[in-house]
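# Close look at the chain arrangement
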Amino acid sequence: MNPLILDGRKVAQSVKDELMAQICELKGKGVTPKLATILVGNDEASKTYVQMKANTCHKLGMESERVFLPEETTTDELLDVIQRLNSDHQVHGILLQHPVPSHIDERKAFDEIALEKDVDGVTSHGFGATTFQLGAYPCCTPAAILQVIDYYNLELEGKHAVIIGRSPILGKPVSMMLLNRNATVTICHSRTENLDQIVKQADVVVAAVGRPKFVKGEWLKEGSIVLDAGYNPGNIGDADYESCYPKSSAITPVPGGIGPVTISMLLKHTVEAAQRQLNTTKTHSNVS
Ligand code: NAP
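Calculation criteria
- Residues numbered from 1 in each chain as written.
- Predicted model: local features only at pLDDT ≥ 70, side-chain atom pairs only at ≥ 80, totals over all residues.
- Heavy atoms only, no water.
- UniProt positions renumbered as here; feature names shortened; annotations may be inferred.
- Domains from an automatic or database assignment.
- Axes fitted to C-alpha atoms, helices over the stretch in contact; angles between N-to-C directions.
- Helix = DSSP H or I, 4+ residues; strand = E, 2+ residues; numbered from the N terminus.
- Contact = heavy atoms within 4.5 Å.
- Nonpolar A, V, L, I, M, F, W, Y, C, P; charged D, E, K, R; others polar.
- Salt bridge = Lys/Arg side-chain N within 4 Å of Asp/Glu carboxyl O.
- Buried < 20%, exposed > 50% of the residue type's maximum accessible area, 1.4 Å probe, protein only.
- Pairing = 2+ DSSP bridges.

By the naming in an unreviewed UniProt entry, the protein is Bifunctional protein FolD, taken from Piscibacillus salipiscarius. Word for word, the UniProt comment on the protein under Function (unreviewed entry) is "Catalyzes the oxidation of 5,10-methylenetetrahydrofolate to 5,10-methenyltetrahydrofolate and then the hydrolysis of 5,10-methenyltetrahydrofolate to 10-formyltetrahydrofolate." Listed in UniProt under the heading Subunit (unreviewed entry), the comment for the protein reads: "Homodimer."

And the structure:
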């Protein structure tokens with residue numbers, strides 16, 4: 001049987017279809033979900049990402065606020081902007097575009113985002129709460145990987161998932177999320193020895209390395225599932241699609257795999273945040 005190609009565009013569309021109905025309902029209650037994005041400096045790729053996020057917000061009938069700060073912004077100035085957005089009741093989600101200039105304390109800035117508005121899952125508190133399944137919004141790319149798995153009803157329980165990469169926004173959170181789904185998880189990184197032998201034991205491989213065509217088909221066990229989160233210049237994934245496809249039972253292409261689902265997860269989290277913040281306001285006004 002031919003491997004199943006996991007079509008991220010189809011998954012993203014199904015998420016957006018559901019969101020449009022929810023946004024309509026929220027608007028009927030006088031709330032328009034709003035995402036604020038903060039971009040510090042002049043990185044061209046980051047500008048494009050922020051623009052794409054704003055465009056998708058508008059297409060779905062959501063609002064967006066874009067805050068552009070100059071390269072020389074200090075950590076304290078950035079914290080002030082985040083605090084203003086935290087206390088703005090019209091803003092439901094906040095995204096600080098990564099990377100920020102190196103003189104800024106990025107961790108401090110991320111951790112300033114209020115947990116209920118951390119729709120990109122970047123705060124330390126959000127990571128802990130995701131790991132303990134306490135209802136925080138997970139990072140968007142890991143959430144996109146889970147969304148693809150769920151859309152296609154792929155079995156995780158008891159399966160051996162090998163994650164290649166341990167970054168705070170991708171490898172680590174997706175490992176915890178797969179563990180919470182009862183997969184048996186192995187996390188690999190740049191110091192891992194005999195990586196190919198470890199990948200050979202995997203039922204599910206998540207490629208989150210940041211190196212084009214890094215995972216080779218010959219490393220795979222016959223029939224494994226390959227989820228490629230990689231996105232390298234020239235639209236190239238972290239798995240070598242040509243050699244991985246024939247060995248896999250299901251595989252995400254690049255482009256058109258995890259990437260398109262990632263933005264839709266950001267919007268999904270923002271809509272959920274608007275809904276939760278509305279519920280909280282109602283509860284408070286009922287009490288008072
Ligand atoms: P990152 O922060 O650079 O992390 C890369 C990870 O890969 C690190 O943990 C590193 O190990 C590990 N690694 C590097 N070389 C390795 C090797 N030879 N063997 C085994 N592990 C190795 O990257 P990231 O931000 O997680 O991104 C990973 C990929 O996902 C990139 O292709 C990126 O473009 C893509 N991405 C896609 C989206 C999306 O929306 N689809 C979003 C974010 C990222 P150490 O920890 O030991 O250094």
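Another point: the domain arrangement of the protein. With domains assigned, the protein is organised as domain 1 (30–114) and domain 2 (140–259). Between the C-alpha centres of domain 1 and domain 2 there is a distance of 29 Å.

Attention now goes to the packing of helix 6 (residues 140–151) against helix 7 (residues 171–180). Between helix 6 and helix 7, the shortest axis-to-axis distance is 9 Å and the interhelical angle comes to 35°. In this structure, helix 6 contributes Pro 142, Ala 143, Ile 145, Leu 146 and Ile 149 to the contact, and helix 7 contributes Pro 173, Val 174, Met 177 and Leu 178. Among the residues making up the contact of helix 6 with helix 7, the classes are represented as nine nonpolar, no polar and no charged.

Glancing now at the pattern of salt bridges. This model, assessed by the stated rule, comprises eight salt bridges. The shortest N-O distance in the salt bridge between Asp 203 and Lys 221 comes to 2.7 Å. Here Lys 221 lies in the loop between strand 7 (204–207) and strand 8 (224–228) and Asp 203 lies in the loop between helix 8 (195–199) and strand 7, a separation of 18 residues in the sequence. Overlapping salt bridges, with partners in common, bring together Lys 34, Glu 65 and Arg 84 in one network.

Let us now look at the UniProt feature "domain: Tetrahydrofolate dehydrogenase/cyclohydrolase NAD(P)-binding" (unreviewed entry) in the protein. Per the UniProt record, the feature "domain: Tetrahydrofolate dehydrogenase/cyclohydrolase NAD(P)-binding" (unreviewed entry) sits at residues 140–277. Here residues 140–277 is 37% helix and 17% strand, with 20 Å between the C-alpha atoms at its ends.

On to helix 7, then. Those residues of helix 7 that sit buried are Gly 171, Pro 173, Val 174, Ser 175, Met 177 and Leu 178. Downstream of helix 7 by a residue or two, Asn 182 has a phi angle that is positive, lying close to 70°.

What follows deals with the UniProt feature "binding site: NADP(+)" (unreviewed entry) in the protein. UniProt's feature table lists "binding site: NADP(+)" (unreviewed entry) at Gly 165, Arg 166 and Ser 167, given in the numbering used throughout. On the secondary structure map, Arg 166 appears in the loop between strand 5 (160–164) and helix 7. In this structure Arg 166 comes out as partly exposed when scored by relative accessible area, which is 40%. With sequence-adjacent residues up to four places away left out, Arg 166 is seen in contact with Gly 171, Lys 172, Ile 187, Cys 188, His 189 and Arg 191.

Another aspect to go through is the sheet that holds strand 6 (residues 184–188). If you trace the six strands from one edge of the open sheet to the other, you get 1-9-8-7-5-6, paired in parallel fashion. Strand pairing shows two members of the sheet lacking a second neighbour, strand 1 (4–5) and strand 6, which therefore form its edges. Relative to strand 9 (residues 248–251), strand 8 is paired through three bridges, and the arrangement is parallel. If you follow Ser 224 over to strand 9, its bridge partner there is Ser 248. This element, helix 7, spans strand 5, strand 6 and strand 7 of the sheet and lies at about 170° to strand 5.

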